[in-house]
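Spelled out, the chains give:
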Number of protein chains: 2
Amino acid sequence: MIKTPKNELIRRLDFFKNAMNRFEPEWEIAVLFDKINIFYFTGTMQNGTLFIQRDGDSYFFIRRNFDRAVAESEFENLIPIKSFRDIHQYIKKIPETVYISKDSTPISVFERFNKYFNFKTVKSSDLAINYTRSIKSDYEMQFILEAGKIHQITKEEIVPKLLVEGMTEFDFARLLLNEMLKLGHQGITRIKSFNGELYLGNICFGENSNYFNSFDGPGGLKGVCPAVPLFGNRETILTKDMLVHVDTACGYMGYYTDKTSIYFTGKTPSHVLDQHKKCVEIQNMVAEMLKPGNTPAEIYEKVMSKLDDDFLYGFMGYKSNQVKFLGHGIGLHVDEFPAIAKGFELPLEENMVLAVEPKKSIDGVGMVGPENTYIVTKNGGKCITGTIHNIIEVFI
Amino acid sequence: MIKTPKNELIRRLDFFKNAMNRFEPEWEIAVLFDKINIFYFTGTMQNGTLFIQRDGDSYFFIRRNFDRAVAESEFENLIPIKSFRDIHQYIKKIPETVYISKDSTPISVFERFNKYFNFKTVKSSDLAINYTRSIKSDYEMQFILEAGKIHQITKEEIVPKLLVEGMTEFDFARLLLNEMLKLGHQGITRIKSFNGELYLGNICFGENSNYFNSFDGPGGLKGVCPAVPLFGNRETILTKDMLVHVDTACGYMGYYTDKTSIYFTGKTPSHVLDQHKKCVEIQNMVAEMLKPGNTPAEIYEKVMSKLDDDFLYGFMGYKSNQVKFLGHGIGLHVDEFPAIAKGFELPLEENMVLAVEPKKSIDGVGMVGPENTYIVTKNGGKCITGTIHNIIEVFI
């Protein structure tokens with residue numbers, strides 16, 4: 001079993017405490033409830049409450065399942081509880097203010113908890129958590145690199161063999177999922193944003209990649225039905241001279257990479273090639289700027305200022321699908337801090353991992369543009385999801 | 001495309017308003033944010049805010065994607081907004097108190113919203129929503145019945161052909177998922193409980209079904225790794241004389257059924273047969289009581305009082321996995337209202353749908369016991385997920 005090493009857990013906790021000192025200098029206590037943050041700090045994904053104290057020990061109070069936590073976790077203070085009441089004997093001083101992840105905690109969960117603590121003020125620890133998780137250690141990077149390798153093989157070698165004239169979009173998605181699971185993909189796709197949901201990714205034949213989509217990304221998606229606007233559509237059939245847009249998240253040991261590849265079932269029309277080529281240039285321009293010290297906000301500004309109105313039509317989403325970012329952090333969730341967008345003014349740091357996805361919708365055709373995952377290095381973004389960025393032509 | 005009919009949406013909204021009048025007689029306005037509740041009331045799964053007024057019109061204010069909502073939804077008042085501020089022109093009277101789903105709304109989502117409304121008191125609409133969703137219409141039942149059929153074929157015909165000596169638990173889970181997707185399963189599995197997550201279900205070879213698990217269900221599960229305690233394990237190999245526990249959720253057009261089948265790779269030992277038989281008897285005893293007027297609490301009490309201490313060891317979960325319910329409602333989420341457990345005092349009504357899962361862990365073997373999905377009828381629960389409840393023996 002892969003256990004997160006103790007020194008890695010200690011590093012993450014210390015880093016987080018320093019981030020809290022920096023962003024929330026008044027803090028004394030942070031409490032986490034959601035399983036992904038809890039896994040990050042403890043190495044086990046149990047239901048419970050993680051208390052992190054500025055001036056005292058940290059404790060993971062576990063409702064379910066304590067035995068599994070013991071088997072999986074190197075975290076020092078694992079404490080079984082039946083009720084939140086049991087926590088008081090460990091936490092002697094309850095300050096006025098508690099910092100929690102407001103983004104991931106439902107109101108009822110916090111209310112049930114706070115009956116026993118009566119914190120007067122509730123503040124957000126989200127920036128400090130998000131920032132902490134954005135910089136990946138060598139330990140984390142091994143899993144991210146493996147996800148990237150699976151992605152490269154999938155998109156460069158396997159997809160061209162799977163695409164067959166007459167198949168449905170859903171069947172292609174199904175076969176793709178099956179192949180990725182064979183290669184090591186973990187299955188579930190985790191999204192941090194409220195109401196966010198992906199099942200493998202956006203898998204689209206033709207104009208389905210321009211279909212209106214509630215998900216906060218550039219890609220359109222028809223999906224199965226109104227109740228399941230995900231994965232692939234059972235009525236859409238692959239024909240000759242069709243664009244295929246394959247945007248997937250690949251997960252390995254919890255960590256994701258994100259990659260989009262574009263295929264064409266025939267000879268790609270020149271205007272489609274031109275638009276895709278332009279998107280690849282933008283991707284490479286962004287990648288070059290993925291260096292410590294640059295801010296995501298200035299990268300976004302620099303790139304967008306170079307694009308003319310004609311090109312901006314359909315760029316980063318079809319009509320009302322359009323989004324205002326060029327990429328996003330990625331890790332234990334597909335959508336992590338920071339976005340490459342306005343407002344993200346914290347400078348990039350070495351070993352942040354970001355997906356860059358300049359995409360463009362073309363009327364009557366679908367969406368072109370690459371997506372790859374990069375590590376921030378002194379020499380610019382290092383691509384870890386493959387080398388073929390052009391449109392791949394199949395059955396010609 | 002399958003569109004939820006207008007009269008069905010009107011029925012759901014009226015039913016909900018009546019439920020609010022019953023459970024929260026002071027209510028004036030309810031506001032919903034999460035996509036599953038929004039889909040239930042509007043027929044489309046967009047990001048936005050649904051305002052339901054006791055004495056006025058209801059409105060779905062849509063941030064993203066309005067065009068898709070128009071294409072999919074028969075809901076009367078679909079309004080595009082850019083900011084929560086835009087809502088004020090439609091909702092003239094803002095009362096002191098707002099009712100929201102506290103279970104599904106993160107603190108930050110509500111805080112961003114309430115900046116524009118300054119509701120003084122926030123109360124929960126969860127009971128009224130959960131109760132409304134628990135009683136299924138004929139329109140909903142068609143999808144549930146279809147999910148049940150897929151389940152029956154999968155468990156009774158397909159699984160016995162998939163199990164091959166020497167395969168890994170993960171590979172079996174992968175092949176099973178692939179077959180279910182072929183038959184019509186939608187892919188994603190949705191859980192309502194905070195921190196709840198399933199990827200298809202609990203698929204376990206041998207003692208992995210006794211493995212400690214954070215999920216609030218009886219079944220153990222090892223899963224892929226500590227970061228992905230889901231689906232199947234890549235190291236566990238199927239051998240002769242092994243128990244196989246296959247608990248899956250099958251989704252069709254948004255609606256789930258839940259079913260567990262038990263297989264044995266050889267001749268089932270008699271003590272395993274005996275324990276399973278006893279669980280089937282308990283299942284049938286519960287099913288017989290699934291009639292309008294009976295309460296889940298009294299069903300739970302009646303059944304549990306009949307079981308002796310010897311049998312209770314490992315019943316409803318191995319050691320610290322043990323749970324205090326015998327079944328649960330199911331619909332757009334796998335885990336819906338009501339649970340068959342203490343505290344659920346509202347009487348059952350016709351056309352509620354519940355999964356019944358009396359299971360028992362056996363030391364050194366794994367977990368036996370059936371699970372099936374039932375419709376509450378005047379004649380007792382009607383099973384919709386198949387007819388074979390015994391252990392199915394394979395490769396003998």
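Every chain is numbered on its own, with residues counted from 1 as its sequence reads. As a convention, the first chain written is A and the first ligand written is 1, with the rest following in written order. The model is predicted, so local features are restricted to residues of pLDDT at least 70 and side-chain atom pairs to those at 80 or more, both for listing and for counting; the totals for chains, interfaces and linings are taken over all residues. Note that water and hydrogens are dropped before the side-chain values are worked out from all heavy atoms of the structure.

### Some details on the interface of chain B and chain A
Any two residues having at least one pair of non-hydrogen atoms within 4.5 Å are treated as being in contact. If you look at the interface, chain B gives 69 residues, while chain A gives 69 residues. Accessible area that two parts lose when put together, with a 1.4 Å probe and added across both, is what the buried area reports. Summed over both partners, the interface of chain B with chain A buries about 6,100 Å², with 54% contributed by carbon and sulfur atoms. When residues of chain B are sorted by the area they lose upon contact with chain A, B:Arg64, B:Arg68 and B:Pro226 head the list and together hold 13% of the total. The rule for a salt bridge is simple: a side-chain nitrogen of Lys or Arg has to be within 4 Å of a carboxyl oxygen of Asp or Glu. For the pair chain B and chain A, the interface holds six salt bridges.

### Here we look at helix α9 (residues 296–305) of chain B
Along an α-helix, residues three or four apart share an orientation, since each turn contains 3.6 residues. Residue and element names in this part refer to chain B. For the exposure calls, accessible area comes from a 1.4 Å probe over protein chains only, and a residue counts as buried if that area is under 20% of its type's maximum, exposed if over 50%, partly exposed in between. Runs of H or I in DSSP of at least four residues are treated as helices and runs of E of at least two as strands, each being numbered from the N terminus. Those residues of α9 lying buried are Pro296, Ala297, Ile299, Tyr300, Val303 and Met304. In a view along the axis of α9, the buried residues occupy a sector of 165 degrees, so they form one face of it. The secondary structure elements touched by the buried residues of α9 are α8 (270–288), α10 (309–312) and β11 (336–339). Taken from the helix axis, the directions to the C-beta atoms give the arc we talk about.

### Re the packing of aromatic side chains
Two rings from Phe, Tyr or Trp (for Trp, the six-membered ring) form a pair when their centres are within 6.5 Å of each other. A pair whose planes differ by under 30 degrees is stacked, one over 60 is edge-to-face, and the rest are tilted. Applying the stated criterion across every chain, the model contains 55 aromatic pairs over all chains. The interplanar angle of 65 degrees and the centroid separation of 6.4 Å between the aromatic rings of A:Phe16 and A:Trp27 together place this pair among those described as edge-to-face. Of this pair, A:Phe16 sits in helix α1 (residues 6–23) while A:Trp27 is found in the loop between α1 and β1 (29–32), placing the two residues 11 residues apart along the sequence. The exposure classification of A:Phe16 matches that of A:Trp27, with both residues buried. Judged by centre distance (5.5 Å) and plane angle (20 degrees), the rings of B:Tyr59 and B:Phe61 are stacked. Taken individually, B:Tyr59 and B:Phe61 each receive the classification buried, so the pair is uniform in this respect. Cluster of aromatic residues (ring-pair linked, three or more members): A:Phe33, A:Phe51, A:Tyr59, A:Phe61, A:Phe84, A:Tyr90, A:Phe110, A:Phe113, A:Tyr116, A:Phe117 and A:Phe119. Counting as a charge over the ring demands two things of the Lys NZ or Arg CZ atom: a distance within 6 Å of the ring centre and an angle within 35 degrees of the ring normal. Cation over ring: B:Lys278 sits above B:Phe311, and NZ or CZ is 5.7 Å from the ring centre.

### A word on the domain arrangement of chain A
All names here are of chain A. Here the domain parsing of chain A yields domain 1 (6–133) and domain 2 (135–393). Put simply, the middle of domain 1 and the middle of domain 2, counted by C-alpha atoms, are 33 Å apart. If you look at the interface, domain 1 gives 15 residues, while domain 2 gives 15 residues. Together domain 1 and domain 2 conceal approximately 1,400 Å² of surface at their shared face, both sides included; 55% is due to carbon and sulfur atoms. Summed over the shared surface of domain 1 and domain 2, the number is three salt bridges. Taking the shortest distance from any N to any O, the salt bridge between arginine 11 and glutamate 140 comes out at 3.8 Å. Distance and chemistry together define a polar contact, namely a pair of N or O atoms within 3.5 Å, with one atom able to donate a hydrogen and the other to accept it when in protein, and with adjacent residues in sequence counting only for side-chain atoms on both sides. Along the contact surface separating domain 1 from domain 2 lie seven residue pairs in polar contact (both at pLDDT 80 or more). Put simply, the parts of the chain that give the side of domain 1 that touches domain 2 at least two residues each are α1, α2 (35–42) and α5 (126–134). The element best represented in the side of domain 1 that touches domain 2 is α1, accounting for six residues. A class-by-class count of the residues in the side of domain 1 that touches domain 2 yields eight nonpolar, two polar and five charged. Domain boundaries shown here were taken from an automatic or database domain assignment. Under the convention adopted here, Pro, Cys and the residues Ala, Val, Leu, Ile, Met, Phe, Trp and Tyr are nonpolar, Asp, Glu, Lys and Arg are charged, and Gly plus all remaining residues are polar.

### Structural notes on the sheet that holds strand β2 (residues 47–53) of chain A
Residues and elements named next belong to chain A. At least two bridges found by DSSP between two strands is the condition for calling them paired. Strand order in this open sheet of six strands is β4-β3-β2-β1-β5-β6, and the pairing throughout is mixed. Only two strands of the sheet have a single partner each, and these edge strands are β4 (78–80) and β6 (121–124). Averaged over all pairs of adjacent strands, the angle between strand axes in this sheet comes to 25 degrees, irrespective of strand direction. When β1 meets β2, the two strands line up antiparallel, connected through four bridges. If you follow leucine 32 over to β2, its bridge partner there is leucine 50. An axis is simply a line fitted to the C-alpha atoms; with a helix, the fit covers only the stretch in contact. Between two such axes, the angle follows the N-to-C directions and lies from 0 to 180 degrees.

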